[in-house]
Amino acid sequence: MIKVRKALSIILDSIRKPLPGEKVDLLDGPDRVLACDIRAKCTLPPFDNSAMDGYALRSHDTQGASKDKPRVLKVIEDLRAGYIAKKIIKDNQAIRIMTGASIPRGADSVVMVEFTKKVPGAKEAGEELIEVFKEVKMGENVRKAGEDVKKGEKVLKKGTILRPEDLGLLAALGVSKIKVARRPRVGILATGDELIDVKERLSRGKIRNSNSYILSGQIIKSGGIPVDLGIAKDDRRKVRRDIEKGLKEDLDILVVIGGISVGDYDLVKDVLLELGMDMRFWRVAMRPGKPLAFGTIDSIPVFGLPGNPVSSAITFEEFVRPSILKMQGVKNLFRPVVTAILMEGFRKKKGLRYFIRVKLKNKAGKFYAVLTGPQGSGIINSLVLADGILIAPEEVEELKKGAMVSVRLLRHGCDGEAV
Ligand code: AMP
Ligand code: MG
């Protein structure tokens, strides 16, 4: 039996190179992983432009201006966003300008419309005049070309999981196609005579295959493509046949669920060995999830996950998810861990790392963790209700109420408060 940390390092060491990249449209980018650095081919914004609706002017023309001593300027043009001024601003002149319009030549700043007033009757008399009530600083309300992004700057790093805002930045820079890592194909083979598919009728003694569904979702959420290999019967020949069939599906990872423990019909480990698996370990010092096997067949990482739904989901989270991310070139493989105050104590077995499902409350900047109820490895609800997984270290035997504990966040939201 090996420790969780050791198991994880063996697994991650076996994944050396990220998968090759492929080009996709920007709109197919969310949650994909960049396969190369992106450098800006232009500046952002591309030209000096107005941050406000107002008047573009020369700042020195407003020196000493105030409510009582306004400066009068002549408005020589109207400028909307998307157009260029025809005229050049000279002394005591201004151009009415809308947010986002290019700063006219001659102007160095913009005064907000709120600090100006049209001189009544002036327009009728043939010229449009405004009063400016405020001294405007050089550069005021001007968004300078390149203040956001400079040409040639590295804006996104290889290995970034793309977020919506990244796509916006890329669009602004004129990048319409991006090179992202190919999504790993992850085969899922369930095993067990007791299992039927969700669409079949339940008869006595049978249960529905829920794990393949949890795992499919987990694979998709990690950026992989689930490849459903169905359910194998607890029969050596059939398990072997289905694994062999699965291995022909161009898989990047194979996950076999169940049949990996020490029961009479736990055949998976033997079959994997028969198929030439280089078994790196079997059994990890953790709960749930102890009977976990890992190795490679023809350099494809193969996981034998324990069959209990919570065990398979937790071992996926701890070991398979980081593998799928690493295959895509992601650097940061782990979800954030927060420190929480434990609201009910529990005892545990020394030597095993426990993964306790907890609900979190977030109050006044602190997290409070409550167990999601019974923690049996067959209780799917202990996972469904969980905001996070409390990771209880190997060396402790008891965690008391009030203890500070580490909780890996499983979802963005938990019971919190508006700030
Ligand atoms: P095993 O690891 O095959 O001994 O299975 C342990 C427990 O998990 C048994 O109660 C199985 O019925 C259950 N189990 C195994 N595979 C699945 C599955 N795909 N979906 C739901 N339960 C499962
Ligand atoms: Mg079984």
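Numbering of residues begins from 1 in every chain and follows the order in which that chain's sequence is written. Lettering of chains starts at A and numbering of ligands starts at 1, both following the order in which they are written. Local features are withheld for residues below a pLDDT of 70 in this predicted model, meaning they are given only at 70 or higher, and side-chain atom pairs are given and counted only at 80 or more; totals for whole chains, interfaces and linings count all residues. For side-chain calculations, the full set of non-hydrogen atoms in the structure is used, while hydrogens and water are omitted.

Enquirer: I'm lost on the site of ligand 1 in this one. Help?
Expert: The immediate surroundings of ligand 1 are formed by 14 residues, with E194, N209, G259, G307 and N308 found nearest. A distance of 2.5 Å separates an oxygen atom of ligand 1 from a polar side-chain atom of E194. The backbone of N211 places a nitrogen or oxygen atom 3.3 Å from a nitrogen atom of ligand 1. Helix numbering and strand numbering both begin at the N terminus, where a helix is a DSSP run of H or I of at least 4 residues and a strand a DSSP run of E of at least 2. Among the secondary structure elements, those contributing two or more residues to the shell around ligand 1 are β13 (185–191) and β15 (207–208). Side-chain classes are defined by residue name, with Ala, Val, Leu, Ile, Met, Phe, Trp, Tyr, Cys and Pro counting as nonpolar, Asp, Glu, Lys and Arg as charged, and the others, Gly among them, as polar. Partitioning the shell around ligand 1 into residue classes produces 3 nonpolar, 8 polar and 3 charged. In these notes, residues near a molecule or strand are those with any non-hydrogen atom within 4 Å of it. Contacts described as polar in this section are N or O atom pairs within 3.5 Å, which, within protein, must combine one atom able to donate a hydrogen with one able to accept it, while residues neighboring in sequence count only if both atoms come from side chains.

Enquirer: Quick question: what am I supposed to make of the sheet that holds strand β6 (residues 93–97) here?
Expert: The pairing of strands in a sheet comes from backbone hydrogen bonds and takes either a parallel or an antiparallel form. In space, the 6 strands of this open sheet follow the order β7-β4-β6-β5-β9-β8, with mixed pairing throughout. At either margin of the open sheet sits one strand with a lone partner, and together these are β7 (109–112) and β8 (116–118). Averaged over all pairs of adjacent strands, the angle between strand axes in this sheet comes to 40°, irrespective of strand direction. Two strands are said to pair when DSSP picks up at least two bridges between them. Lines fitted to C-alpha atoms define the axes here, with helix axes fitted over just the stretch in contact, and angles between the N-to-C directions of these axes take values from 0 to 180 degrees.

Enquirer: Looking at this structure, I do not really get the domain arrangement of the protein. What am I missing?
Expert: The extent of an interface is frequently quoted as the accessible surface area lost upon association of the parts. In this entry, domain limits derive from an automatic or database-based domain assignment. The domains assigned to the protein are domain 1 (4–18 + 182–327), domain 2 (29–43 + 154–181), domain 3 (49–143) and domain 4 (337–416). Here the C-alpha centre of domain 2 lies 33 Å away from the C-alpha centre of domain 1.

Enquirer: Just checking my understanding: could you explain the environment of R143 for this structure?
Expert: Tracing the backbone shows R143 in strand β10 (residues 142–143). As for R143 and K359, which are separated by 216 residues in sequence, their C-alpha atoms are 46 Å apart. Once residues lying within four places of it in the same chain are set aside, the contact partners of R143 are P45, F47, D48, N49, S50, A51, T99 and G100. A polar side-chain atom of R143 sits 3.4 Å from the main-chain carbonyl oxygen of S50. In this analysis, two residues are considered to be in contact whenever any of their non-hydrogen atoms come within 4.5 Å of each other.

Enquirer: Please clarify how the nonpolar core should be interpreted in this entry.
Expert: Most often, soluble globular proteins have nonpolar side chains that are buried together. Within the largest apolar cluster, 40 residues are counted, with the highest numbers of intra-cluster contacts made by V255, F281, V284, F303, L305 and F319. Contributions of two or more residues to this core are made by α1 (4–13), β13, α3 (211–221), β17 (253–257), β21 (300–305), α6 (309–327) and β26 (388–392). If one sorts the elements of this core by residue count, α6 sits on top with 9 residues. Shared between two domains, this core holds at least three residues of each, these being domain 1 (4–18 + 182–327) and domain 4 (337–416). Not counting residues within four places of it along the chain, the set of residues in contact with V284 comprises M1, I2, K3, V4, A7, K290, L292 and F319. Take the buried residues of types Ala, Val, Leu, Ile, Met, Phe, Trp, Tyr and Cys, join any two whose side-chain atoms come within 4.5 Å, and each joined set is a nonpolar core. For the exposure calls, accessible area comes from a 1.4 Å probe over protein chains only, and a residue counts as buried if that area is under 20% of its type's maximum, exposed if over 50%, partly exposed in between. Of all hydrophobic cores here, the second largest spans 20 residues; its members include Y354, A369, A392 and V407.

Enquirer: I keep staring at the layout of surface pockets and nothing clicks. Help me out?
Expert: Think of a ball as big as a water molecule: rolled over the atoms, this probe shows where empty space is left. Considered as a void within the structure, the largest pocket measures approximately 1400 Å³ in volume. Listed by contribution, the elements that provide at least two residues to the lining of the largest pocket are α2 (164–172), α3, α6 and α7 (381–384). Element by element, the count of residues in the lining of the largest pocket is highest for α6, at 6 residues. Residue classes in the lining of the largest pocket are distributed as 21 nonpolar, 8 polar and 10 charged. We place a 1 Å grid over just the protein atoms. Points where a 1.4 Å probe fits but has no way out form a cavity, open points with protein on both sides within 12 Å along at least 5 of 7 lines form a pocket, and any residue with an atom within 4 Å of a point lines it. Grid points are joined across faces, edges and corners, and a volume is the space filled by probe spheres set on the points. There is about 620 Å³ of room inside the second largest pocket. Taken together, 34 residues line the second largest pocket, and the ones lying closest to its centre are G258, G259, P306, G307 and N308. Elements represented by at least two residues in the lining of the second largest pocket include exactly β13, β15, β19 (286–287) and α6. Class assignment of the residues belonging to the lining of the second largest pocket gives a composition of 14 nonpolar, 13 polar and 7 charged.

Enquirer: Just to check I follow, could you spell out a nonpolar patch on the surface for this structure?
Expert: Patches draw on residues past 30% relative accessible area with no salt bridge. Two like charges within 9 Å are joined, as are two nonpolar side chains (Val, Leu, Ile, Met, Phe, Trp, Tyr) within 5 Å. Surface accessibility in these figures is a Shrake-Rupley result with a 1.4 Å probe; residues are shielded only by whichever protein chains are displayed. By definition, a salt bridge exists where a carboxyl oxygen of Asp or Glu is found within 4 Å of a side-chain nitrogen of Lys or Arg. Taken together, the side chains of I380, V384 and L385 present a nonpolar region at the surface, about 230 Å² in accessible area. The residue I380 is located in the loop between β25 (366–371) and α7 in this model.

Enquirer: I'm lost on the pairing of strand β22 (residues 337–342) in this one. Help?
Expert: Each regular strand displays side chains that alternate between the two surfaces of the sheet. Note that β22 and strand β28 (residues 404–409) share 5 bridges and pair antiparallel. Within β28, the position partnered with V338 by the bridge is V407. Looking at chain direction, β22 and β25 are connected through 3 bridges and run parallel. Looking at β25, one finds that L342 is bridged to A369.

Enquirer: Is there a simple way to think about α6 in this case?
Expert: Since the α-helix packs 3.6 residues into each turn, any two residues three or four apart lie on the same face. In this analysis, the expected span of each helix is defined as 1.5 Å times one less than the number of residues it contains. The terminal C-alpha atoms of α6 lie 25 Å apart, and with 19 residues this matches the ideal 27 Å at 1.5 Å per residue to within 8%. For a residue, the bend is simply the angle between two axes, fitted respectively to the seven-residue segment ending there and the seven-residue segment starting there. Taken as a whole, α6 carries its principal kink of about 45° at E317. The element α6 is largely enclosed, with a buried count of 18 among its 19 residues.

Enquirer: Got a minute to help me understand the packing of α1 against α6 in this structure?
Expert: Any two packed helices are characterised by how steeply their axes cross, that is the angle between the axes, and by the distance between the axes. Between α1 and α6, whose axes approach to 10 Å, the crossing angle comes to 30°. Taken together, the axis directions place α1 and α6 in an arrangement best described as roughly parallel. Here α1 and α6 pass one another in a crossing that is right-handed. For the pair α1 and α6, contact is made by V4, A7, L8, I11 and L12 and by E318, F319, P322, S323 and K326, respectively. Of the residues assigned to the contact of α1 with α6, the class counts are 7 nonpolar, 1 polar and 2 charged. Throughout this description, any angle smaller than 35 degrees is read as roughly parallel, any larger than 145 degrees as roughly antiparallel, any in the 65 to 115 degree range as roughly perpendicular, and the remainder as oblique. Take the far helix as the reference: if the near one is turned anticlockwise from it by less than a right angle, the crossing is left-handed, and if turned clockwise, right-handed.

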